[in-house]
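Next come the chains, spelled out residue by residue.
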Amino acid sequence: MSRTKKWIIAAVILVVVGAVIFVGALAAVGFDASKLETWFFHTNTYEFADDFDSISIDTEVAGVTILPSDDDVCRVVCYEDDTLTNTVKVENGTLSIETVNIRKWYNYIGIFSDEQSVTIYLPKDTYASLSASVTTRMINLSDIDFETVSLEVITGEIYLEDVIASDILSATVTTGSISLKACDAGEMYLETTTGSIIGTVLTEKIFVASTNLGNISIPQTTSGGICKATTVTGEIKLEIE
């Protein structure tokens, strides 16, 4: 028997043995895969009485959701595990949230079903600025106004609903889509590499759109601030409510 065939047979045997061990482990826990997880998640909640006008967010694998607070308290709720946490603080008028990653290579080996998340409840209707950067997952923002908004996602989505920026709203996604519902800004810059840009704005804009592969549908209005939408591969569809 050739050496190549021996390696193939050994590899097949290892795969079969691994599958048997995995099924056996599942059977031992009643086929509840969550009991085999190697990351253990918990919720950390932070409340702040300090006033702030700016928000800065930089996370790796946590999706970010920003909503109005229903009790006039600023609250940040982080669903995280002990190897990938978030530092949350108010300093110099800025609420800042940043990922602290102490994972080793072996922490990425295992079974994981939960997803990290950061949910922010804001007590005021209007803030000066929002800057949010997410490596993986989604940015979801609703019913909050800002002077400037700058959002960036590497792999994921950006969804904005009833968000108004009096100055500039910028949203960039490398792989994923941008969705807007009843949003507006003095100027809007929307960009994806692979993904669609779809949504509605509240007022007339000077719309400029380009895509290498996909359909474009934009209003032909000639007044208002600029709304520039760009993608390499994907559809662009914008409307005025």
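This is a predicted model, so every value here is computed, not measured.

*Asks:* Teacher, can you tell me more about the overall build of the chain here?
*Replies:* When helices and strands are tallied, the chain shows 1 helix and 16 strands. Buried positions account for 35% of the 241 residues belonging to the chain. Within the chain, counting contacts between residues at least 6 apart in sequence, those at least 24 apart form 45% of the total. Surface exposure of the chain reaches about 12,800 Å², of which carbon and sulfur atoms provide 55%.

*Asks:* Please explain the nonpolar core as it appears in this structure.
*Replies:* For soluble globular proteins, the rule of thumb is that nonpolar side chains tend to be buried together. In this structure, L95, I120 and L130 are the most contacted members of the largest nonpolar core, which totals 48 residues. Contact partners of I120, with chain neighbours within four places excluded, come to I57, V64, T65, I66, L67, R75, V76, L95 and I97.

*Asks:* Sorry, what's going on with the environment of A182 here?
*Replies:* By the secondary structure assignment, A182 is in strand β11 (residues 178-194). The exposure class assigned to A182 is buried, which follows from its relative accessible area of 9%. Distance from A182 to T203, taken between C-alpha atoms, is 9.4 Å for residues 21 residues apart in sequence. Apart from the residues lying within four places of it in its own chain, the contact partners of A182 are D162, V163, T200, L202 and E241.

*Asks:* Can you help me understand a negative patch on the surface in this one?
*Replies:* On the surface, D143, D162, E239 and E241 cluster together to form a negatively charged patch. Relative to the elements of secondary structure, E241 occurs in the segment after β16 (236-240).

*Asks:* Would you take a moment to explain the packing of aromatic side chains for this structure?
*Replies:* Each aromatic ring pair is specified by the distance between its two centres and by the angle formed by the two planes. Inspection of every chain in the model, using the stated rule, returns 2 aromatic pairs. Taking 6.1 Å as the distance between ring centres and 35 degrees as the angle between the ring planes, the aromatic pair formed by Y127 and F146 counts as tilted. Linking Y127 in strand β8 (residues 126-142) with F146 in strand β9 (residues 145-161), this pair joins segments that are 19 residues apart in sequence. With respect to burial, Y127 and F146 carry one shared label: buried. Following the ring pairs from residue to residue traces out a cluster consisting of F52, Y127 and F146.

*Asks:* So what exactly am I meant to see when it comes to the environment of C227 here?
*Replies:* Among the secondary structure elements, C227 is positioned in strand β15 (residues 226-233). Residue C227 is classed as buried on the basis of its relative accessible area of 0%. Residues C227 and A209 lie 18 residues apart in sequence; the distance between their C-alpha atoms is 8.3 Å. If near-sequence neighbours (up to four positions away) are discounted, C227 is found in contact with M188, K205, I206, F207, V208 and L238.

*Asks:* Just to check I follow, could you spell out the side chain of T211 for this structure?
*Replies:* Mapped onto the elements, T211 comes out in strand β13 (residues 206-213). Within the structure, T211 has its side chain in polar contact with the backbone nitrogen of L213 (distance 3.3 Å). Reaching out from T211, the side chain makes a polar contact with the backbone oxygen of G234 at a distance of 3.0 Å. Once you skip the residues sitting within four places of it in the chain, T211 turns out to touch I216, T231, V232, T233, G234 and I236.

*Asks:* Sorry, what's going on with the pattern of salt bridges here?
*Replies:* Once their charged atoms are close, side chains differing in charge can pair, the charge on each being opposite to the other. In this structure the tally under the stated criterion is 7 salt bridges. As a salt-bridge pair, R75 and E47 come within 3.1 Å of each other at their nearest N and O atoms. Of this pair, R75 sits in strand β4 (residues 74-81) while E47 sits in strand β1 (residues 41-48); the two residues are 28 residues apart in sequence, bridging distant segments of the chain. Residue class for E47 comes out exposed when judged on its relative accessible area of 51%.

Cut-offs and rules
- Residues numbered from 1 in each chain as written.
- Predicted model: local features only at pLDDT ≥ 70, side-chain atom pairs only at ≥ 80, totals over all residues.
- Heavy atoms only, no water.
- Helix = DSSP H or I, 4+ residues; strand = E, 2+ residues; numbered from the N terminus.
- Buried < 20%, exposed > 50% of the residue type's maximum accessible area, 1.4 Å probe, protein only.
- Contact = heavy atoms within 4.5 Å.
- Areas by Shrake-Rupley, 256 points an atom, 1.4 Å probe, with all protein chains shown as cover.
- Core = buried A, V, L, I, M, F, W, Y, C linked by side-chain atoms within 4.5 Å.
- Patch = residues over 30% accessible without salt bridge, like charges linked within 9 Å, V, L, I, M, F, W, Y side chains within 5 Å.
- Salt bridge = Lys/Arg side-chain N within 4 Å of Asp/Glu carboxyl O.
- Lys, Arg positive; Asp, Glu negative; His and termini not counted.
- Charge placed at Lys NZ, Arg CZ, Asp CG, Glu CD.
- Phe/Tyr/Trp six-rings, centres within 6.5 Å; stacked < 30°, edge-to-face > 60°.
- Polar contact = N/O pair within 3.5 Å; in protein donor to acceptor, adjacent residues only side chain to side chain.

Take it as geometry only, folks, not as evidence of what the structure does.
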